[in-house]
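Residue-level listing of the chains:
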Amino acid sequence: MTKKKMQPVVNLAWCKACGLCIAFCPRDVFTAAADGRPLVTRPDACIACGLCDYRCPDFAITLAENKVGV
Amino acid sequence: MANDLRLEEYLREREFPTMWCAGCGHGVTVKGTIRAIAKMGWDKDDVLAVAGIGCSARAPAYCDFNSIQTTHGRAIAFATGMKMHRPNLHTVLLLGDGDCIAIGGNHFIHGAKRNIDLTVVVMNNSIYGMTGGQISPTTPHMCNSSTTPFGNFEEQINLCDIAIAAGATYVARTTAYHVNQMAALIEGGLRNKGFSVIEVVEPCPTGFGRKNEFKTPVAMYEWLRDAAISVDKARDLSPQELKNKIVTGVLHQSSRPEFITEYAKMSKKAQERAKSTGASLELMPEEMGKFPGYSEVRLSGSGGQGLVLAGIMLSEATIKQGKNAAHLQSIGPEARGGTSRSEVIISDGEIINPKITAPHVLLAMTQEAADKYCSGVKPEGIILLDSTFVKEVPTAAAKTYQYPVTEFARDTLGNPLVANVLALGILARLTGKLSVNALEDVVRKRVPQRVRELNIKALWAGYEIGKDLVQTDA
């Protein structure tokens with residue numbers, strides 16, 4: 001049985017580039033793009049703690065199953 | 001930990017993106033509230049979200065609960081009314097600090113005093129954000145704002161202490177950084193049957209942060225992270241050491257009677273008392289309603305004709321019959337001779353709005369009142385004109401009866417002042433809506449002794465006149 005692997009998905013239409021997800025991710029999954037919005041650059045490091053989702057003031061981050069990376 | 005919550009089910013996605021600034025704590029707190037509600041397992045249609053005015057006022061608009069935005073500072077007052085009407089709705093208030101403790105300070109105190117079952121989530125961002133970053137009572141000492149450029153020399157208010165002192169039974173504080181604690185504390189408030197306050201200290205990066213050397217939203221969340229101290233640790237610290245700290249956790253929890261439960265008990269007691277002392281509550285067969293269920297009655301004329309009292313007596317008689325009644329009165333500027341109007345709603349079920357729209361029954365005791373109100377009566381309704389004063393009968397779709405009510409009261413009964421009760425007697429027969437027995441009970445209670453018998457005589461005389469009017473008509 002393969003283990004479910006979760007990773008953050010950013011809804012760029014709702015994101016306002018506050019940078020909270022980037023700053024407070026315990027595993028540095030995100031990197032800031034030029035406009036300050038987060039790019040998921042280290043999906044494999046994600047431990048699916050959900051804190052980026054909970055802290056995102058704009059409801060722009062959800063955790064979804066990574067179907068390709070496992 | 002994987003996230004089982006399907007957040008999108010709780011959002012009105014058409015409203016997004018939010019109108020809040022980048023990094024605003026409101027979104028974080030709304031999410032924490034949704035997580036707590038989801039944890040309770042409540043159907044979202046059983047939840048009512050209430051807000052006042054300010055940036056925070058948008059919060060319920062983003063959540064797919066029953067929601068209402070109220071006037072500034074009055075959210076707790078509105079929520080109290082709604083909770084009384086629908087005690088089963090889980091009522092959550094999403095308030096700003098201004099709404100809660102400044103403009104709405106007194107409602108907050110009295111909500112806590114009553115211990116009414118509301119959960120108040122205070123999104124305290126230390127500032128009046130929407131209006132441009134002025135100081136609020138929660139602005140910390142010596143912090144800058146647009147109205148205190150050299151620092152706020154006042155001490156900030158501690159709304160949790162006020163809630164505890166006023167009698168709230170669950171009081172907690174957290175910050176927008178501590179998201180998991182936030183959801184747990186809000187859940188605690190939802191579980192508490194009584195007045196619960198959860199203060200969430202939040203950043204306002206735009207209004208507060210930029211004036212206080214927080215260069216980025218992230219810097220504000222770092223401040224919240226570092227300033228927070230748990231209530232257990234805080235116990236061992238001196239007030240000096242606690243300065244500039246944010247004490248988080250459950251600050252107070254107690255148990256005492258809840259307002260709505262107590263209200264229901266008292267209501268039951270009052271009903272039993274009324275039953276044991278009340279006289280006949282039964283309807284006469286011929287009085288079974290012509291307008292089943294719901295009807296609106298307008299009694300109109302001039303001041304001094306006793307229409308307000310007639311409205312009150314009509315309402316009380318209705319209630320005696322086990323129905324619901326609502327009464328509104330409007331008196332002109334002059335005590336006597338001005339226009340006067342008394343409006344009663346009679347209903348088998350609940351009365352949502354006490355204002356009448358198109359009456360089923362109209363009594364007009366002056367020409368002016370007849371001219372003004374006859375056309376507004378429902379076509380299937382009834383109009384009674386006092387032909388002592390109404391000489392010209394306005395055209396109206398409703399069935400119109402005329403009788404010289406005041407003249408009969410003056411000449412036959414010997415006192416024009418009983419015209420109001422006489423008219424009630426006539427209406428009782430014409431409408432078939434009211435028990436004369438119930439009216440008699442009320443008249444007996446309401447009218448001074450020296451004219452009591454005369455009024456009761458007038459009531460039954462009216463009833464007989466009503467019979468004649470109906471027969472003549474047939």
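Residues numbered from 1 in each chain as written. Chains lettered and ligands numbered in written order. Predicted model: local features only at pLDDT ≥ 70, side-chain atom pairs only at ≥ 80, totals over all residues. Heavy atoms only, no water.

## Examining the interface of chain B and chain A
Here's step 1: Between chain B and chain A, the contact holds 29 residues from the first and 20 residues from the second.
Here's step 2: Between chain B and chain A, the buried area comes to about 2200 Å², and carbon and sulfur atoms account for 66% of it.
Here's step 3: Taken together, chain B and chain A are joined by one salt bridge.
Here's step 4: Between K31(B) and D53(A) there is a salt bridge, with its nearest N and O atoms 3.3 Å apart.
Here's step 5: Across the chain B-chain A interface, the total number found is six residue pairs in polar contact (both at pLDDT 80 or more).
Here's step 6: If you list the elements that add at least two residues to the side of chain B that touches chain A, you get α1 (25–40), α7 (179–191) and α8 (217–227) of chain B.
Here's step 7: If you tally residues by element for the side of chain B that touches chain A, the top one is α1(B), at six residues. (Contact = heavy atoms within 4.5 Å. Buried area = accessible area lost by both parts, 1.4 Å probe. Salt bridge = Lys/Arg side-chain N within 4 Å of Asp/Glu carboxyl O. Polar contact = N/O pair within 3.5 Å; in protein donor to acceptor, adjacent residues only side chain to side chain. Helix = DSSP H or I, 4+ residues; strand = E, 2+ residues; numbered from the N terminus.)

## Observations regarding helix α15 (residues 419–431) of chain B
Here's step 1: Taking 1.5 Å per residue, 13 residues should reach 18 Å; α15(B) reaches 18 Å between its end C-alpha atoms and fits that length.
Here's step 2: The buried count for α15(B) comes to 13 of 13 residues, which makes it a mostly enclosed element. (Expected span 1.5 Å × (residues − 1). Buried < 20%, exposed > 50% of the residue type's maximum accessible area, 1.4 Å probe, protein only.)

## Some thoughts on the pattern of salt bridges
Close approach of charged atoms lets side chains of opposite charge pair.
Residues and elements named next belong to chain B.
Here's step 1: A full pass over the atoms with the stated rule returns 26 salt bridges over all chains.
Here's step 2: Salt-bridge contacts for E9 lead to R6; the nearest nitrogen and oxygen are separated by 3.0 Å.
Here's step 3: A residue is classified by how much of its surface remains accessible, and E9, at 42% relative accessible area, is partly exposed.
Here's step 4: When the shortest N-O distance is used, the salt bridge between K445 and E316 registers 3.5 Å. Linking K445 in helix α16 (residues 436–446) with E316 in helix α12 (residues 307–320), this pair joins segments that are 129 residues apart in sequence.

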